[in-house]
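Below, each chain spelled out in residue letters.
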Amino acid sequence: MTNKEKYKQAFSVLQPSGKISLEEERMIIMKKKAKFQAAVAAAAICLAFVSGGGIVYAADLGGVQRKIQLWVQGDQTDADIVYNANGSYDLWYENEDGTREDLHGGGVAIEADGTERPLTEAELMDHLQQPTVDYKEDGSIWVYYYDQKIDITDQFKDGVCYVQVSNGEKTLYMTILYEGGWCTSPHKYESPDSFS
């Protein structure tokens, strides 16, 4: 018997432990791992493109469109609104006669340090829920606040009218100048000189 055959016979009874792996097995495992990592990376890239595309699409429209309910002249009305990142909004709803009404607004808030920032969605909604004054073609003047419709035509004295409105949770005191604007306060009626 040759030395080679003796070595084969001596070592043929030995079994390798589970910790020892062949180089070929390592390569197969590494290839599978690489394929899995590539699939995960491709999925992440696709998700980024889809998400980014949606964001860009929404940014192209100027903001995100939502449906809201709004009180318009004492009636609750379904409206569509787009809040824009610059602190403005575009709003539209259908009137009782079927015509479309478009409203646009917005603004900035001035911080304590003097810097300006766009109004938030909550601040814009608060603005949209404020009382309004409407001068009708027949000469009557109306205040609208939530479901309230108040005829104030005959309540002006020296060009000023004071009206208290409430939505059940919050009471506002309105000072109205005849064809000169109005202001509200949760505490008291403001002097006409403070905003005229």
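Conventions and cut-offs
- Residues numbered from 1 in each chain as written.
- Predicted model: local features only at pLDDT ≥ 70, side-chain atom pairs only at ≥ 80, totals over all residues.
- Heavy atoms only, no water.
- Helix = DSSP H or I, 4+ residues; strand = E, 2+ residues; numbered from the N terminus.
- Buried < 20%, exposed > 50% of the residue type's maximum accessible area, 1.4 Å probe, protein only.
- Contact = heavy atoms within 4.5 Å.
- Areas by Shrake-Rupley, 256 points an atom, 1.4 Å probe, with all protein chains shown as cover.
- Phe/Tyr/Trp six-rings, centres within 6.5 Å; stacked < 30°, edge-to-face > 60°.
- Arc of directions from axis to C-beta.
- Pairing = 2+ DSSP bridges.
- Axes fitted to C-alpha atoms, helices over the stretch in contact; angles between N-to-C directions.

**Things to note about the overall build of the protein**
Here is step 1: In terms of regular secondary structure, the protein is built from three helices and 12 strands.
Here is step 2: Buried residues in the protein amount to 23% of all 196 residues.
Here is step 3: Looking at the protein alone, contacts between residues at least 24 apart form 24% of all its contacts between residues at least 6 apart.
Here is step 4: For the protein, the exposed area adds up to about 14,400 Å²; of that, 55% sits on carbon and sulfur atoms.

**Side note on the packing of aromatic side chains**
Here is step 1: This model, assessed by the stated rule, comprises five aromatic pairs.
Here is step 2: Here the aromatic rings of Tyr 135 and Tyr 178 are separated by 6.0 Å at their centres, their planes lie at 85 degrees, and the arrangement is edge-to-face. With a gap of 43 residues between them, Tyr 135 in strand E7 (residues 132–135) and Tyr 178 in the loop between strand E11 (171–177) and strand E12 (181–185) connect regions that are remote in the sequence.
Here is step 3: Classification of Tyr 135 by relative accessible area gives partly exposed; the value is 31%.

**Structural notes on helix H3 (residues 121–128)**
Here is step 1: The complete set of buried residues in H3 reads Leu 124, Met 125 and Leu 128. The buried side chains of H3 occupy one side of the element, clustering within an arc of 100 degrees when seen end-on.

**As for the sheet that holds E12**
Here is step 1: In spatial order, the strands read E10-E11-E12; together these three strands make up an open sheet with antiparallel pairing. Single-partner strands in this sheet number two, and they are strand E10 (160–166) and E12. When strand polarity is set aside, the average angle formed by the axes of neighbouring strands in this sheet is 20 degrees.
Here is step 2: In terms of strand pairing, E10 meets E11 through seven bridges, oriented antiparallel.

**A closer look at the pairing of strand E9 (residues 148–151)**
Moving residue by residue along a regular strand, the side chains alternate between the two faces of the sheet.
Here is step 1: Inspection of the sheet shows strand E8 (residues 141–145) paired to E9 by four bridges, in the antiparallel sense. In the sheet register, Tyr 144 faces E9, and the bridge partner there is Lys 149.
Here is step 2: Linking E8 back to E9 in an antiparallel pair, the connection comprises two residues, with Tyr 146 at a positive phi of about 50 degrees.

As far as function goes, none of this settles anything; it's purely spatial.
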